[in-house]
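Structural description and commentary
Residues per chain are reported as follows:
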Amino acid sequence: MADANADVRRKIMGFIVSQAIHAVCELEIPERLAAGPATTAALAESAGADADALRRFLRVLAAEDLVTQEPGDTFALTPAGRLLCADEPGSLRHFAELMSGEAYVAWSRAAHSLRTGEAAFDAVYGSPYFDWLAGHPEEAEAFNRAQAGLVELRLLPLLEWSWGGAGTVVDVGGGNGVLMSALLAARPELKGVVFDLPHVVDEASRTLDAAGLGDRARCAGGDFFAGVPDGGDVYVLAQILHDWADDEAVAILRRCREAMPGDGVLLLLEQVVPEDGGPHPAKLLDLHMLVLLGGRERTAGEWEALLGRGGFGLAAAAQGPRSTLIEARPLHHGVTPGS
Ligand SMILES: C[S@@+](CC[C@H](N)C(=O)[O-])C[C@H]1O[C@@H](n2cnc3c(N)ncnc32)[C@H](O)[C@@H]1O
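Residues numbered from 1 in each chain as written. Predicted model: local features only at pLDDT ≥ 70, side-chain atom pairs only at ≥ 80, totals over all residues. Heavy atoms only, no water.

Formed by 28 residues in total, the largest nonpolar core has its most connected members in V172, L237, L241, L266 and L307. Mapped onto this core, the elements with two or more residues apiece are β4 (168-172), β5 (191-196), β7 (234-238), α16 (246-259), β8 (265-270), α18 (300-310), β9 (312-319) and β10 (324-330). The leading source of residues in this core is α16, at six residues. Not counting the four nearest positions on each side in its chain, L237 is found in contact with V172, I252, L253, C256, L266, L267, L268 and L269. Counting residues in hydrophobic clusters, the runner-up holds 24 residues, among them L208, A238, L267 and L325. (Core = buried A, V, L, I, M, F, W, Y, C linked by side-chain atoms within 4.5 Å. Buried < 20%, exposed > 50% of the residue type's maximum accessible area, 1.4 Å probe, protein only. Helix = DSSP H or I, 4+ residues; strand = E, 2+ residues; numbered from the N terminus. Contact = heavy atoms within 4.5 Å.)

Shown next, in the form of structure tokens:
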């Protein structure tokens, strides 16, 4: 019979694993192990760590299958542990960093979100997350790095979408331009606009220039509650609406609807929460959105209702490995929700 007491204790102590991963990443231990197994002493010396503490951190990571403990006080990286190296494709190193900083502090007041349905972050830090990031450049950079790392797998359904006939794509809340760079590189016929808050788009310009795509893309700074750039055939909202409660999300949809032509297309790259009672990463992300931003992940029915309020009908959905691409069309163009 399963040991329920041990199981519940392990769940309660889950943050220890998360924080241990972050601490080990901060000292770049995964990168130091990427070349091959190493002794605790050698690792500690090169990383500036206490050897005894390092051994104890690594044995926790060994239990999580991120490293293996070998004879002779030696540790080796597992394939899963490689994902903690910064330069590994699909790396989760920056995500680990993001989850351990201000997000972790906000989570210490999660009960505030439970009581009020509002972001605990605002109660802890005194301002909404994106406003706070605007005044904290280092943390904003860490946020953008984490998004860029996660986007690689997330954008796959977008690359596979049938882009025939589209000329200009506007990425609303396009962050540091990593998604647009990948899209323009894969689709040479497209031109792009990256729209985000003024302090974010400078980095997008640098990303696009570094990829040699500066002549096919323009970056625009602004507030998507005030308006978004017009002139696009396709508008992308990638992990934007989940940051916001319904009324704000509807306002963003309406600004997109106002900016786009009647035969334009809106593509959402988001999570869809399954209706069943089983485990799913979107259910964890949903709580994270609540605690950090007062946002939410949505079920298929909730997406459809939200799009309808914003002036769009759901036209199609395609499931990718880490996200769902939801294609929507302006409602007056003969698409009714659900068709
Ligand atoms: C979760 S990130 C998603 C970034 C990117 N689309 C992706 O998929 O990786 C949300 C983005 O929304 C931007 N954002 C937040 N508030 C905004 C506003 N009022 N106007 C424009 N952009 C905003 C943030 O700066 C951030 O880049």
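Further notes follow.
Domain boundaries in the protein define domain 1 (4-87) and domain 2 (154-333). On a C-alpha basis, the centroid separation for the pair domain 1 and domain 2 is 36 Å. (Domains from an automatic or database assignment.)

With four of five residues buried, β4 is to be regarded as a mostly interior element. With five bridges connecting them, β4 and β5 associate as parallel partners. Looking across to β5, one finds that D171 is bridged to V194. Viewed along the sheet, the connection from β4 through helix α14 (residues 178-186) into β5 turns out right-handed. Taken together, the three bridges between β4 and β7 define a ladder with parallel strand orientation. Bridged to V169 within β7 is V234. (Pairing = 2+ DSSP bridges. Right-handed = clockwise from strand over helix to strand, strands pointing away.)

Scanning the entire structure with this criterion turns up 14 salt bridges. Here R10 ties to E64 by a salt bridge, and the two come within 3.0 Å at their closest N and O atoms. Note that R10 is positioned in helix α1 (residues 4-12) and E64 in the loop between α5 (51-63) and β2 (67-70), a separation of 54 residues in sequence. Under the relative-accessibility criterion, E64 is labelled partly exposed at 25%. One salt bridge connects D246 with R298, and the closest N-O pair in it is separated by 2.8 Å. Remark: R298 occurs in the loop between α17 (281-293) and α18 and D246 occurs in helix α16; sequence separation between them is 52 residues. (Salt bridge = Lys/Arg side-chain N within 4 Å of Asp/Glu carboxyl O.)

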